[in-house]
Amino acid sequence: MKVDLTQWHPVASSSDLPLRHVYQGQLWGHELAIWRADDGHVNVWENRCLHRGVRLSIGLNEGSELRCLYHGWRYANRTAGCTYIPAHPADAPARTVCNNTYQCIEKYGLVWSAVAPERSFDTPVTLTDTVPLTLRAIPINAPSDLVQKFATDYPYGMVTHKSDTSMTLQSGVSELQLFFQPVDSGKTIIRGLLIPQPVDPIVALRHHNAMMTALRDKIELAASGLAPPRAIEVEFKPVAKDFAQMPNINTAGPKVELRAKVAQKWLTSQNVMAFRLETFSEQFPTFQPGAHIDVSLPNGMLRQYSLTNGPGQTDHYTIGVKRDVASRGGSICLHDDVQEGDVIAISAPHNNFPLRRDAVKTILISGGIGITPLLSMAQALKAQELPFELHIFVQTKADLAFPEILQDLDALTKTYMGLSPRATRNVISGVLANYVAAQHVYICGPGVMLEAAREVAKKCGWPDEAVHFEYFKNSKEIDDKTTFEIALSRSALTLQVPAGKTILQILRENGIQVPSSCEQGACGTCLMTVIGGEPDHQDVYLSTKEKASNQKIITCVSRSKSNQLVLDI
């Protein structure tokens, strides 16, 4: 039997994919996990979890993610990127942790796919502009070439077309299309389409089911006298070299390697402009709740904005940008200059504010534009039916951004309007009172609010590891007047950091590879380990406990109180 992995074959019927079901298919020996997400998208993936190889077809379809039931790894709709690893609940999985996917298309009541297609799916001419009746699939324990040989005797009409993958039989004005799905070397599935729809579909389905069953018995009887065919050798793609080793760290700061079209721009609240960014490829990279992207602006600036997307929404990214007249021009540029239809450069998602999903209860507290990353978290928690509360602080109702998302979360949100700082603190005190072990709180908003919430959490007995926060910017006044030296323990190099320059700048000037993003001391991307010396912490990323330990430093803003700082690099 000739194996042609480039050919398209039907691998499932639309009726095989009811709500929240995972269907196990197979093509040329390759096992497939086929499932329909709640948004209607059909996924065809390699049928194994990346962790231990357990079949994903026995996993749980949660509508926007597929969960392996062995150790709970989750994979996103569309991209098959891993979104959560229970053994590492506080970390966002690397974007490269992604299952193998196969191209697919759903047409005429069938799902079509190919193992290694060289061209896009071509619609059979006879199916154009028709609504056929999909017949029941018949599995046959016989090679596909033997099945095709006997199928010419199917009692319907004259054979008018025959190929390696299909056969057409004509009976008057009606036509029967038979497709042969090679499951493996010794098994084939016949799938049929009847054109046009008969007057009584039930009668037609029963008739053809009986005829197909009789054909199956005839073919299997003939196959029983033949030697078993040689099994198809399935070649699994090796892990890409880039994924199998640590990547080189970018020396030039943030990368904006993706191009996105501004598909929609709208005022989502009185000061917040929303942007729907769509990809020029099939999908954007997988993201996890709390992630942000870097956006390259027409004025030359680079800014970070949180994604508000719900789980599995990788056909687009949505961001919200608050107009800030006191800013350095980033928000004003997006509000005034960037228009629908424009093409902008963005980065793949980064996540310095990842959501744990092992909490007995999650509390989300937002202030103003701080709602954006928490919207993504809330949608993920709701989709998984995990207990959470979303507390929103705004000045007026007109300041509530993304009301369409909030409406869907309405029963799980509490909104507070026009409160003074003291009143806000009192409300947060009530929300965080009576801490229970394994609860987690996520806070995002203005700096003053975050500081107050963190103080309240500490007084209420919340441990540092249960309090997660994200600053949009570092509002502290940076003191860069000191001079000191840094010793790089693994590079046998000592460098001088003069006044007016940061550790990050000096490292880059000397060819040391250091990643970064915001370069304001807010995101934590340029974090390094301190071996000796006393850091002068000027960031808003590290917790009070982390700063007191003097074991970490944010190199884009923090400096040294001692004459020398020893870094583990």
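Quick look at the structure, then. (Residues numbered from 1 in each chain as written. Predicted model: local features only at pLDDT ≥ 70, side-chain atom pairs only at ≥ 80, totals over all residues. Heavy atoms only, no water.)

What follows covers the overall build of the protein chain. Scanning the protein chain from N- to C-terminus turns up 10 helices and 34 strands. Dimensions of the protein chain, computed from C-alpha atoms along their principal axes, come out at roughly 90 × 55 × 50 Å. Of the contacts formed within the protein chain by residues at least 6 apart in sequence, a portion of 63% connects residues at least 24 apart. Counting only carbon and sulfur atoms, one obtains 51% of the accessible surface of the protein chain, whose full area is about 26,400 Å². Here the protein chain contributes 54 positively and 57 negatively charged side chains, and the mean placements of these two sets differ by 3 Å. (Helix = DSSP H or I, 4+ residues; strand = E, 2+ residues; numbered from the N terminus. Contact = heavy atoms within 4.5 Å. Areas by Shrake-Rupley, 256 points an atom, 1.4 Å probe, with all protein chains shown as cover. Lys, Arg positive; Asp, Glu negative; His and termini not counted. Charge placed at Lys NZ, Arg CZ, Asp CG, Glu CD.)

Here we take up the pattern of salt bridges. Pairing between side chains of opposite charge can happen when their charged atoms approach one another. Scanning the entire structure with this criterion turns up 24 salt bridges. Measuring nitrogen to oxygen at the nearest pair gives 2.7 Å for the salt bridge that ties R356 to D358. Looking at R356, the relative accessible area reads 18%, which means it is buried. Between K361 and E389 there is a salt bridge whose closest N-O contact spans 2.4 Å. Note that K361 is positioned in strand β23 (residues 361-367) and E389 in strand β24 (residues 388-394), a separation of 28 residues in sequence. A residue is classified by how much of its surface remains accessible, and K361, at 25% relative accessible area, is partly exposed. (Salt bridge = Lys/Arg side-chain N within 4 Å of Asp/Glu carboxyl O. Buried < 20%, exposed > 50% of the residue type's maximum accessible area, 1.4 Å probe, protein only.)

Another point: the environment of A116. Structurally, A116 is set in the loop between β10 (110-113) and β11 (133-134). Distance from A116 to I371, taken between C-alpha atoms, is 43 Å for residues 255 residues apart in sequence. In contact with A116, not counting residues within four places along its chain, are L5 and T6.

Look at helix α8 (residues 447-459): 19 Å from first C-alpha to last across 13 residues, which is about the 18 Å you get at 1.5 Å a residue. Residues of α8 that are buried include every one of M449, L450, A452, A453, R454, V456 and A457, and no others. Residues of α8 that are buried sit in contact with β23, β24, α7 (421-432), β26 (439-444), β27 (467-470) and α10 (544-549). Positive backbone phi, at 90°, marks G461, one or two positions downstream of α8. (Expected span 1.5 Å × (residues − 1).)

Attention now moves to the nonpolar core. Counting residues in hydrophobic clusters, the biggest one holds 25 residues, and the most contacted among them are L364, L374 and L390. It is helix α5 (residues 371-383) that contributes the most residues to this core, seven residues altogether. Those residues in contact with L364 that lie beyond four places of it in its chain are L374, M377, A378, L381, F388, E389, L390, H391 and Y442. (Core = buried A, V, L, I, M, F, W, Y, C linked by side-chain atoms within 4.5 Å.)

Glancing now at the sheet that holds strand β21 (residues 316-322). Spatially, the six strands line up as an open sheet ordered β20-β19-β22-β17-β18-β21, and their pairing is antiparallel. Edge positions in the open sheet fall to β20 (302-306) and β21, since each of these has one partner strand only. Put simply, the sheet's adjacent strands are angled 40° from each other on average, direction ignored. Where strand β17 (residues 258-267) lies against strand β18 (residues 272-279), seven bridges are found, and the strand directions are antiparallel. Paired with L267 across the strands is M273, a residue of β18. (Pairing = 2+ DSSP bridges. Axes fitted to C-alpha atoms, helices over the stretch in contact; angles between N-to-C directions.)

Take the sheet that holds β10 next. The strand order across the open sheet built from three strands is β1-β10-β9, with neighbouring strands paired in antiparallel fashion. Among the strands making up the open sheet, the edge pair consists of β1 (9-13) and β9 (104-107). When the angles between neighbouring strand axes are averaged without regard to direction, this sheet yields 30°. Summarising the sheet, β1 and β10 pair through four bridges and their orientation is antiparallel. In the strand pairing of β10, H9 is matched with S113.

Turning to the state of the cysteines, a few remarks are in order. Under the criterion given, the structure shown has zero disulfides. For the unlinked cysteine C98, the closest cysteine sulfur is that of C82, found at 9.3 Å. Residue C98 is classed as partly exposed on the basis of its relative accessible area of 33%. Free cysteine: C333, not disulfide-bonded; nearest cysteine sulfur from C518 at 19 Å. (Disulfide = S-S within 2.5 Å.)

Along the chain, the position of A223 falls in helix α2 (residues 201-223). Each C-alpha atom, one on A223 and one on C523, is 65 Å from the other, the two residues being 300 residues apart in sequence.

Keep in mind these values describe shape, not function.
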